[in-house]
Number of protein chains: 2
Amino acid sequence: MKILVAVDSFKGSLSSLDAGRAIASGLLEVFPSWDIRVLPVADGGEGTAAVAQFLGGKIIPAECQDIYGRLHAGYWVLWNDTAIIEVAVASGFVTPDKRLRDGDATTSYGTGQLIRQALSHPDVSRVIVALGGSGSTDGGMGLMAALDCDFFDQDHNPVKPLGRYLGRVMEARIQPITKPLIGLTDVNVPLTGTNGAVMMFGPQKGVPSQRLNSLDQDMAHFAQIVQGPNHHWDDIPGAGSAGGMGFAILALGGILQSGAEVVANWVSLDEWINWADWIITGEGKLDSQTLQGKLVNIVTERSHLQNKPVVAIVGSRAGRVEDLYKKGVRLIYPIVPGPLSLDEAMTNARCYMRDAAIHVGFTLEQCHP
Amino acid sequence: MKILVAVDSFKGSLSSLDAGRAIASGLLEVFPSWDIRVLPVADGGEGTAAVAQFLGGKIIPAECQDIYGRLHAGYWVLWNDTAIIEVAVASGFVTPDKRLRDGDATTSYGTGQLIRQALSHPDVSRVIVALGGSGSTDGGMGLMAALDCDFFDQDHNPVKPLGRYLGRVMEARIQPITKPLIGLTDVNVPLTGTNGAVMMFGPQKGVPSQRLNSLDQDMAHFAQIVQGPNHHWDDIPGAGSAGGMGFAILALGGILQSGAEVVANWVSLDEWINWADWIITGEGKLDSQTLQGKLVNIVTERSHLQNKPVVAIVGSRAGRVEDLYKKGVRLIYPIVPGPLSLDEAMTNARCYMRDAAIHVGFTLEQCHP
């Protein structure tokens, strides 16, 4: 039996490779003769740089600011001529100091700093920014400011690049960057509106509920100033990813691509699917969002094209996800063996994953596709 | 697709029939053309009387004592010429008053009262006692006392039938009962020793850990007095079930049978297995005990004899249960969709069961046996 394991990272507990290896070790314990290949994958969020590293990329340490402007030891990955930058590194959500959980005071400046440093590296001819996992909601203003863009208020005074000042910006001088710039999105949201960056993700980033509407309006205003009358970057799916950094990538002359699709190509996913009898994918939380371009969906669709059966091992499942079965998923298996707390599930994720894989293995062995 | 659903009750949340109906409703929502039969089953514990009722038995109300000697509104089921009595009714574990959780002060007297009342009913020609789910650990002394057996100490004074006085009994006058008496066991434990009634189940019934050894010795002493030199009822598998009521059934001239096997015969399980394409079974907690005569194991073994594939839907799974797969189980599926508390799982058991069944249904549809 040839098994391809390509699972997303389980946020807060296991990387894609660690999760995949836990699955492989469970399967091999019971079925030692099976041929198992573990691929690291990611959907454009955390873990994207790790895949580039796995494929030969080198970590380049780089200082930057976090979302509250504090000095932060960041890094990016140099992979051949490409810089891979995760927004989660510089501009990820910061929880240790709860007094600082003010979603309106955040900036994406640090990610801009990393891009700037990468652009100045002699070996870099293009920059890829993995947009998932951000903690900021500033429309990408900080990112642009770090890259020599300037923002002024009605009195022509500079405006500090924080979410709370977006509404003050009356003039923007954007400096398009000169090397290819690609943003990898894990969500397809536009910049503003009910499905936008503020409404969809603001609450989990600490934006108070009474501020959501006005911040959304501020961001719409900011977008009008930046893009002018001739562009509509704010409407492009993905512009709202990373609190609006997707929009900033577009404004700087870059493009957006599906993170899961791009990473799938990096690891030659299609070839490995062709090789395998079964494909095991998975993610921390499988729900209706999964069907909208998340990694499990990409793996499933690509397997379906080759008529290969898929099993999803998940931290949790919710809602109606029946379309996955119509696309060739045979089994969605939760790793929790029974009632237990999220904390326990995260702490022992490796054991539960391994154990779930053993059960899945017996089902695979007996249920021929 | 013809599906037989025969799941054990989920203790504290769903009866066998309720659990089975939740599964059926999930399957029918997504696969309305499937032919689904739900059988109520039980393993000789709680739910056994409900199966007899489902098959046409009548509830007969009957007063009795609970394990602390308090008056209790009990019942038994009259099914044709047979009385079905659950020890859980009179002698089940009582939790409301925590001051009373003294495992050493319990008696099985109430179950004896129900047997006595059933025996005196004109239509009853045999009595079946379902031994699972008891809260007492008195070696069945109470049960026997309610049926005219007498117990004396060394001064020839009567001994009260409580676990704490077992060690005082120096003489026993047993009155064998005159109609057939069958005890249905859900465990195969002997009366005493490391795998016996006290050591295995005493702790969960409120016997303090420092009392376990001496209570086990008291019970061994009591058994020697009751059975005399010519019998070894205490060693018979199941003698230790229901805190020793299995032993009492044997001492009264009765026999022990596997509850799951007997109930399986009541509902013509083999015929329905023959009819079905897939068999869905399940229980609250699937673990290594399952393989020792529990309902899921019986359903699996009987299905295996007919080469029919089995799916188990479980509240939780633990330990290595791989032998089930070797017996034809294709999938063991936990009903919890992710990390959640036991309380939440129990409260919403019906929903989780239904939802799990939908997922299982898609897997069955696609994985041909």
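Residues numbered from 1 in each chain as written. Chains lettered and ligands numbered in written order. Predicted model: local features only at pLDDT ≥ 70, side-chain atom pairs only at ≥ 80, totals over all residues. Heavy atoms only, no water.

- Under the annotation held in an unreviewed UniProt entry, chain A carries the name Glycerate kinase and is attributed to Sulfobacillus thermosulfidooxidans.
- As its UniProt record puts it under Sequence similarities (unreviewed entry), chain A is described as follows: "Belongs to the glycerate kinase type-1 family." (UniProt positions renumbered as here; feature names shortened; annotations may be inferred.)

### Digging into the interface of chain B and chain A
Piece 1. On the side of chain A, 34 residues touch chain B, which itself brings 34 residues to the contact.
Piece 2. Between chain B and chain A, the buried area comes to about 3,000 Å², and carbon and sulfur atoms account for 55% of it.
Piece 3. Across the pair R320 of chain B and E29 of chain A runs a salt bridge whose closest N-O atoms are separated by 3.0 Å.
Piece 4. At the junction of chain B with chain A, the criterion picks out 19 residue pairs in polar contact (both at pLDDT 80 or more).
Piece 5. At the level of elements, α1 (16-30), β12 (310-317), α12 (322-326), β13 (329-334), α13 (342-347) and α14 (349-366) of chain B are the ones that each hand at least two residues to the side of chain B that touches chain A.
Piece 6. Counting residues per element, the side of chain B that touches chain A draws most heavily on α14 of chain B, at 7 residues.
Piece 7. Taken together, the residues of the side of chain B that touches chain A break down into 19 nonpolar, 9 polar and 6 charged. (Contact = heavy atoms within 4.5 Å. Buried area = accessible area lost by both parts, 1.4 Å probe. Salt bridge = Lys/Arg side-chain N within 4 Å of Asp/Glu carboxyl O. Polar contact = N/O pair within 3.5 Å; in protein donor to acceptor, adjacent residues only side chain to side chain. Helix = DSSP H or I, 4+ residues; strand = E, 2+ residues; numbered from the N terminus. Nonpolar A, V, L, I, M, F, W, Y, C, P; charged D, E, K, R; others polar.)

### Observations concerning the state of the cysteines
Piece 1. Per the stated rule, a full pass over the model turns up 0 disulfides over all chains.
Piece 2. Free cysteine C367 of chain A: the closest other cysteine sulfur is in C367 of chain B, separated by 3.9 Å.
Piece 3. We classify C367 of chain A as buried; its relative accessible area is 2%.
Piece 4. Free of any disulfide, C149 of chain B has its nearest neighbouring cysteine sulfur in C64 of chain B, separated by 18 Å.
Piece 5. Owing to a relative accessible area of 3%, C149 of chain B belongs among the buried residues under this scheme. (Disulfide = S-S within 2.5 Å. Buried < 20%, exposed > 50% of the residue type's maximum accessible area, 1.4 Å probe, protein only.)

### As for the nonpolar core
Piece 1. Judged by nonpolar contacts, the single largest core of 143 residues is most densely connected at W266 and I280 of chain A together with W266 and I280 of chain B.
Piece 2. Every residue in contact with I280 of chain A, bar those within four places of it in the chain, is listed here: I3, L4, V5, A6, V7, I23, L27, V311, I313, V360 and L364 of chain A. (Core = buried A, V, L, I, M, F, W, Y, C linked by side-chain atoms within 4.5 Å.)

### Looking at unusual backbone geometry
Residue and element names in this part refer to chain A.
Piece 1. With a phi angle near 55 degrees, N80 is a residue other than glycine that sits in the positive phi range.
Piece 2. With respect to the helices, strands and loops of the structure, N80 is situated in the loop between β4 (71-79) and β5 (82-86).
Piece 3. Of note, S268 is a non-glycine position whose phi angle comes to about 55 degrees, a positive value.
Piece 4. Summarising the element assignment, S268 is placed in the loop between α9 (259-266) and α10 (269-275).

### Focus: helix α7 (residues 209-227) of chain B
Residue and element names in this part refer to chain B.
Piece 1. Given a rise of 1.5 Å per residue, 19 residues ought to cover 27 Å, and the 27 Å separating the end C-alpha atoms of α7 matches this to within 8%.
Piece 2. Contacts from the buried residues of α7 go to α5 (141-145), β7 (150-152), β8 (171-173), α6 (197-201) and α8 (245-251).
Piece 3. Just past α7, the residue G228 takes up positive phi, approximately 65 degrees. (Expected span 1.5 Å × (residues − 1).)

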